[in-house]
Amino acid sequence: MRALLKFGVTGILINGMFFLVALWQLNVGFSPWMVNAVNYPIAVGLSFLTSRNWVFRDRGDRRWMLLKYLLVYAVGYVGCTLGAAGLERIGFPDIAVLIITLFGTAAALFLALNF
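A. Examining the environment of F48 more closely. Here F48 is to be found in helix α2 (residues 32-55). Taking the C-alpha atoms as reference, F48 lies 9.7 Å from Y73; in sequence the two are 25 residues apart.

As structure tokens, this is what we get:
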């Protein structure tokens, strides 16, 4: 339960920062799938650093942890970007697309990294 709380705090801080950037990007003409495609890799790097050192405190083999993290997030990247494009295509408002992909991806990643 403690890991979930720390994961949530980290997610709120990192995703909150990137959500503000995403709102600006939407305002200047980016589409939701473009926002996810650009911001996701940067958020993943920050998330890995905080998750590795604070949330999970895994002291095992760092190469394995990084490989597992990259594999899970690579699948998440594809899902998030394609999901945003699909929701955009069927007519969801841009802000709804960002919120749905943000929370959906975060939940899926937490489950994939912990189970």
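B. Region of the structure containing the environment of V97. Mapped onto the elements, V97 comes out in helix α4 (residues 94-114). With 61 residues separating them in the primary sequence, V97 and N36 have C-alpha atoms 9.9 Å apart. Residues in contact with V97, not counting those within four places in the same chain, are P32, A84, L87, E88 and F92.

C. Examining the nonpolar core more closely. Ranked by size, the top nonpolar core spans 10 residues in total: Y40, V44, F48, M65, Y69, V72, Y73, C80, L109 and L113. Sorting elements by how many residues they give to this core places helix α3 (residues 62-89) first, with 5 residues. Residues contacting Y73, with those up to four places away along its chain left out, are Y40, V44, S47, L109 and L113.

D. Broad picture of the packing of aromatic side chains. Throughout the structure, instances matching the rule amount to 2 aromatic pairs. Ring geometry for Y40 against Y73: centres 6.2 Å apart, planes inclined by 55 degrees, an arrangement best described as tilted. On the criterion of sequence distance, the pair formed by Y40 in helix α2 and Y73 in helix α3 is long-range, its members being 33 residues apart. Clustering of aromatic rings is evident, with ring pairs tying together Y40, Y73 and Y77.

Reading the values: the criteria
Residues numbered from 1 in each chain as written. Predicted model: local features only at pLDDT ≥ 70, side-chain atom pairs only at ≥ 80, totals over all residues. Heavy atoms only, no water. Helix = DSSP H or I, 4+ residues; strand = E, 2+ residues; numbered from the N terminus. Contact = heavy atoms within 4.5 Å. Core = buried A, V, L, I, M, F, W, Y, C linked by side-chain atoms within 4.5 Å. Buried < 20%, exposed > 50% of the residue type's maximum accessible area, 1.4 Å probe, protein only. Phe/Tyr/Trp six-rings, centres within 6.5 Å; stacked < 30°, edge-to-face > 60°.

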